[in-house]
Amino acid sequence: MMRRLQKLLSVVVTAGLLLSGCAAPSAPTGEPAAPAATGGKTKVTIFVGLGTGTDPDQIKAQEELAAKFNSSHESIEVEFLIVPHEQAGERLLAMVAGGNAPQLVGPNGISTVAQFFDSWADVAPFIEAEAFDTSDFYGPAVELNHYPDKTVGLPLGLFPSFIFYNKDMFDAAGIDYPTHDYDDASWNLDKLRDIAMELTLDANGNNAKSPDFDASRIVQWGFDDAWTDARGFLTRFGAPNVGRPTTEDYKTAVVNSEEWVYGLDWLNRAVWVDHFVPDATVQQARDAAGIDPFGSNQVAMFYSHTWFMAEGLVDLPFEYDFAPAPFNQKGQRIARIHADTFTIPKNAQNQEAAWEVLKWLTAPEQIVDVCLIYGCLPARRSVEAEFERRLAERYPNVDLDVIFAAIDYLDNPNHESFVPEWGRINDVLNNNFSAVYLGPIDARAVLDQTNQEVQQILDEYWARQ
């Protein structure tokens, strides 16, 4: 199953594919106790459906994972509750409201954590009570679970981003492949634009730099980053807020920062002036045919995440490899990242048992197998070699170092991170941002208007507090 994402032209779709406790907060009083499992064991229900995990092969693998846990634990029994994705949000809220919250929910991406932010318990007291060692987790993975007022979970998996490139197209054009060296500062937005224009071809074989190029008959595009949303695209341009559309206190909209205006104008020119990025008509036709940008064999460079690998790199009729995200106009490299975790609802019963299961799922002994189910890169340093070996068996002819090195360049604040009225603000951002694919725009005017709309939402939110 392809990870559910936020495609621009669909405006907003939920994202999510490729993977003895001491004293802790007690559950709220006045709620029914969670049912005991077989043999008097404490039951931990893991709610799956807000993200990935609902495909038949994943369901089977999760059942095997539960059996492994249950056979090795005398006092806790795990059960996965699989809910169809389209029903999952409503079902979870109903369970929480009815006093029957599941003990764990996941795997949850950053955006899912944000959408249901007020529902999650703070696991920091669990970590502190037993001095739980988080040093084996990648630092960025730990950061993504920390918020000003709570820590929402332990790191499970990361989905770094990088460029997937079609080697055959580079070879046919006689162009050197993009560097794989993260220290090579010549690989920047200008270089990407230059190469992408050379790799954009019309029906007569003219590239986008040629005076004979016919922009109405393009058959091959140099670059595509359509499978992200407004915040995801603009995060790379180095605004002080990076991927967050507000100031740190969430009270002031900063959508029209100079960096985001630059980024939207860069994309506007890429589509309508330089013609190396496909417009809405092309994207819609591709989506209608069920073809992804890279698999279409019409895009030389596609920017995406590791979750794309599981389905997108199957039976391709060309050779491919990976390259880093380019340096931006400020000389920075920012590679957006997605991440998965399991969260504990704050009104769930048996939170101590849930914490034990959470530790088990993210432990070195299990985390590789768990991430192979969900398509993520394990968030522990100690299993990097093992996971890279497993990846190499499946992808033997690519530079996997590009994937792991990308972790150090994550967008922070992240482009999926929490803001008040997360859904409403993202809807406004994506509706306005998607205009860039429909026709030439004035980037500053679009973002000035968007900033006003986001500020109104924030003002309404804070007036109610």
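Refer to the structure printed above.
So, a few notes on the structure that sits alongside this text. Owing to the predicted nature of the structure, the values given are computational and were not obtained by experimental measurement.

How each quantity is defined
- Residues numbered from 1 in each chain as written.
- Predicted model: local features only at pLDDT ≥ 70, side-chain atom pairs only at ≥ 80, totals over all residues.
- Heavy atoms only, no water.
- Helix = DSSP H or I, 4+ residues; strand = E, 2+ residues; numbered from the N terminus.
- Rg over C-alpha atoms; globule rule 2.2 N^0.38 Å.
- Buried < 20%, exposed > 50% of the residue type's maximum accessible area, 1.4 Å probe, protein only.
- Phe/Tyr/Trp six-rings, centres within 6.5 Å; stacked < 30°, edge-to-face > 60°.
- Expected span 1.5 Å × (residues − 1).
- Contact = heavy atoms within 4.5 Å.
- Polar contact = N/O pair within 3.5 Å; in protein donor to acceptor, adjacent residues only side chain to side chain.
- Pairing = 2+ DSSP bridges.
- Core = buried A, V, L, I, M, F, W, Y, C linked by side-chain atoms within 4.5 Å.
- Axes fitted to C-alpha atoms, helices over the stretch in contact; angles between N-to-C directions.
- Parallel < 35°, antiparallel > 145°, perpendicular 65-115°, else oblique.
- Nonpolar A, V, L, I, M, F, W, Y, C, P; charged D, E, K, R; others polar.
- Left-handed = near helix turned anticlockwise from the far one by under 90°.

1. With respect to the overall build of the protein chain
And then number 1: Within the protein chain, the regular secondary structure consists of 17 helices and 12 strands.
And then number 2: Against the 2.2 N^0.38 benchmark of 23 Å for 465 residues, the protein chain shows a C-alpha radius of gyration of 23 Å, consistent with a compact globule.
And then number 3: Here the C-alpha coordinates of the protein chain stretch approximately 75 × 55 × 40 Å along the principal axes.
And then number 4: Of all 465 residues assigned to the protein chain, the portion counted as buried reaches 59%.

2. Structural notes on the packing of aromatic side chains
And then number 1: Taken as a whole and assessed by the stated rule, the structure comprises 31 aromatic pairs.
And then number 2: Each ring, one from Phe 126 and one from Trp 355, has its centre 5.3 Å from the other, and the planes form 25°; the classification is stacked. Taken together, the residues span a long stretch of sequence, with Phe 126 in helix α4 (residues 124-129) and Trp 355 in helix α12 (residues 351-361) at a distance of 229 residues. Each member of the pair, Phe 126 as well as Trp 355, carries the same accessibility label: buried.

3. Concerning helix α9 (residues 258-272)
And then number 1: For α9, which comprises 15 residues, the first-to-last C-alpha distance of 21 Å matches the rise-based estimate of 21 Å (1.5 Å per residue) to within 8%.
And then number 2: For α9, the complete set of buried residues consists of Glu 259, Trp 260, Val 261, Gly 263, Leu 264, Trp 266, Leu 267, Asn 268, Ala 270 and Val 271.
And then number 3: Where α9 is buried, its residues touch α7 (189-198), β8 (218-224), α8 (230-234), α16 (422-433) and α17 (443-464).

4. With respect to the side chain of His 415
And then number 1: Relative to the helices and strands, His 415 resides in the loop between α15 (401-405) and α16.
And then number 2: A polar atom in the side chain of His 415 sits 3.0 Å from the side chain of His 338.
And then number 3: One polar contact links His 415 to Asp 411, side chain to side chain, over a distance of 2.7 Å.

5. Quick word on the pairing of strand β10 (residues 320-323)
And then number 1: What you see with β10 is no split at all: Tyr 320 and Phe 322 on one side and Asp 321 and Ala 323 on the other are buried throughout.
And then number 2: Of the strand pairs in this sheet, strand β6 (residues 155-166) and β10 are connected by four bridges, and their pairing is antiparallel. Bridge pairing links Asn 166 to Tyr 320 in β10.

6. Here we look at the nonpolar core
Soluble globular proteins: nonpolar side chains tend toward being buried together.
And then number 1: Membership of the largest hydrophobic core comes to 145 residues, with the highest contact counts inside it found for Ile 46, Leu 104, Phe 223, Met 301, Leu 313 and Phe 322.
And then number 2: For Leu 104, the contacting residues outside a window of four places in its chain are Val 44, Thr 45, Ile 46, Phe 47, Phe 342, Thr 343, Ile 344, Pro 345, Ala 354, Val 357, Leu 358 and Leu 361.

7. Digging into the packing of α16 against α17
And then number 1: Contact geometry of α16 with α17 gives a least axis separation of 10 Å together with a crossing angle of 170°. Between α16 and α17, the angle is such that the two are roughly antiparallel. Taking contact as the criterion, the partners of Arg 424, Ile 425, Val 428, Leu 429 and Asn 432 in α16 are, on α17, Val 446, Thr 450, Glu 453, Val 454, Ile 457, Leu 458 and Glu 460.
And then number 2: When the residues that make up the contact of α16 with α17 are grouped by side-chain class, the tally is seven nonpolar, two polar and three charged.

8. Quick look at the packing of helix α13 (residues 364-374) against helix α14 (residues 384-394)
And then number 1: At a minimum axis distance of 10 Å, the contact between α13 and α14 shows a crossing angle of 35°. Crossing geometry of α13 relative to α14 is assigned as right-handed. Mapping the contact onto sequence places Val 368, Asp 369 and Leu 372 in α13 and Glu 386, Phe 387 and Arg 390 in α14.
And then number 2: Residue composition of the contact of α13 with α14, grouped by class: three nonpolar, no polar and three charged.

9. Quick look at the environment of Leu 189
And then number 1: Within the element layout of this structure, Leu 189 appears in helix α7.
And then number 2: Accessibility expressed as a relative area gives 5% for Leu 189, which makes it buried.
And then number 3: For Leu 189 and Glu 143, which are 46 residues apart along the polypeptide, the C-alpha to C-alpha distance reads 27 Å.
And then number 4: Once residues within four sequence positions are removed from consideration, Leu 189 is found in contact with Phe 237, Trp 266, Pro 326, Phe 327, Asn 328 and Gln 329.

10. Focus on the environment of Phe 404
And then number 1: As for its placement among the helices and strands, Phe 404 is situated in helix α15.
And then number 2: Put simply, Phe 404 and Tyr 138 are 266 residues apart on the chain and 10 Å apart in space, counted from C-alpha to C-alpha.
And then number 3: When near neighbours in sequence (up to four residues on either side) are disregarded, Phe 404 contacts Tyr 138, Leu 377, Glu 384, Phe 387 and Glu 388.

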